[in-house]
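Examining the three-dimensional arrangement
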Amino acid sequence: MIPTEKVDIFIRNTLNQIHALDDITSINYWSDGTDAGQEGQWKWASSGTPIGYTNWAPLEPSHAPEDCLAICGVKGFKWNDDICVRTHPFICERNRKLPVPDL
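Presented here is an overview of the structure given in this document. Worth saying up front: this structure is predicted, and the values here are computed from it rather than measured.

Bringing the state of the cysteines into the picture now. This model, assessed by the stated rule, comprises one disulfide. In this model Cys68 forms its disulfide with Cys84; the gap between the sulfur atoms is 2.0 Å. Here Cys68 and Cys84 share a disulfide; its torsion about the S-S bond, 105°, makes the bridge right-handed. With Cys68 in strand β3 (residues 68-72) and Cys84 in the segment after β4 (78-82), this residue pair connects regions lying 16 residues apart in the sequence. With relative accessibility at 16%, the residue Cys68 sits in the buried group. Cys84 gets classed as partly exposed once you look at its relative accessible area, which sits at 36%. Cys68 supplies the cysteine sulfur nearest to Cys72, a cysteine that is in no disulfide, at a spacing of 14 Å. What makes Cys72 buried here is its relative accessible area of 6%. A disulfide-free cysteine, Cys92 has its sulfur positioned 14 Å from the sulfur of Cys68, the nearest such atom. The exposure class of Cys92 is exposed, given its relative accessible area of 58%.

Calculation rules
Residues numbered from 1 in each chain as written. Predicted model: local features only at pLDDT ≥ 70, side-chain atom pairs only at ≥ 80, totals over all residues. Heavy atoms only, no water. Disulfide = S-S within 2.5 Å. Helix = DSSP H or I, 4+ residues; strand = E, 2+ residues; numbered from the N terminus. Buried < 20%, exposed > 50% of the residue type's maximum accessible area, 1.4 Å probe, protein only.

Given below as structure tokens:
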């Protein structure tokens, strides 16, 4: 979930740092936003709660057959509705009380 502008700015800043030397025109990340249940009624899939805060790129959401929320590099890591079957990495939320596993 991206419930506030503060969280959204943190995500965008983090993605910009990660991809500082990359061509971001084809970099997208999934969030858990969806309007698959009802077109135009965006909610967080993880909780079922309606999306309050938004940061859609201009002309988005486009209401095409795109039901999943992507954070889109070419659009400054603003939000874009995208076709859900596309392959993008995803952003997960974790409980801060849990330890980060060793990789």
